[in-house]
Amino acid sequence: MDNVTLLYIIALQAMVIFMLLAYEIWRIFRNKGKGTIWRPFWRIKLIVYLDKDRVLNPQLLTLTIKNTGKREVEINAPVLEFRKIWSKRKFKLSGTNGNYIYPLFIEPGNKHQLFIETARFHQYDSEIKGFYWARIYLSDVEGRRWKSNDVKLRKSWVT
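Computed from a predicted structure; not experimentally measured.

Caption draft 1: Highlighting unusual backbone geometry. Put simply, Tyr102 and Pro103 share a cis peptide bond, and its omega is 5°. With respect to the helices and strands, Pro103 occurs in the loop between β7 (99-100) and β8 (104-106). Within the chain, Asn57 stands out as a residue other than glycine whose phi angle is a positive 50°. Among the structural elements, Asn57 can be located in the loop between β1 (46-52) and β2 (60-67). Classification of Asn57 as partly exposed rests on a relative accessible area of 46%.

Structure below.
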């Protein structure tokens, strides 16, 4: 192999390493105030799962959040999204029976369940009965985001 070719390969690898390092530094400064420089090593792992009581037209949705990581996490109020093919409706869930329970700390190894009655949302907006899917979006106070699985609410021509 020629020395010039070897120098080109080393220069190319150095440029790739420099670009990756610059991206990581930019990402740290962009998230300034949302944690420390060691945040990528903190690995907060949440499992967010949405379940229903019946196959079609469920009356009760169950949100389960399990912290499988090594650190506690403080989560904000989850957002319930009803979807049709072209439209969406989002509702922020603050708690149950008028009691505000969010933001909420979840210790490692613990789980949190929230039972959601769909009839309450049908009273608010009757068009929601015609929506096909539901999903939960969740975020913590530092800005990390998770989403649950899709739950099929009723049959459609598409699904």
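Caption draft 2: Geometry of the sheet that holds β1. The three strands lie next to each other as β1-β2-β9, forming an open sheet whose pairing is antiparallel. Looking along the sheet, the strands with just one partner apiece sit at the ends: β1 and β9 (111-117). Going from strand to strand, the sheet's axes swing by 15° on average, the running direction of each strand aside.

About the criteria used
- Residues numbered from 1 in each chain as written.
- Predicted model: local features only at pLDDT ≥ 70, side-chain atom pairs only at ≥ 80, totals over all residues.
- Heavy atoms only, no water.
- Helix = DSSP H or I, 4+ residues; strand = E, 2+ residues; numbered from the N terminus.
- Buried < 20%, exposed > 50% of the residue type's maximum accessible area, 1.4 Å probe, protein only.
- Pairing = 2+ DSSP bridges.
- Axes fitted to C-alpha atoms, helices over the stretch in contact; angles between N-to-C directions.

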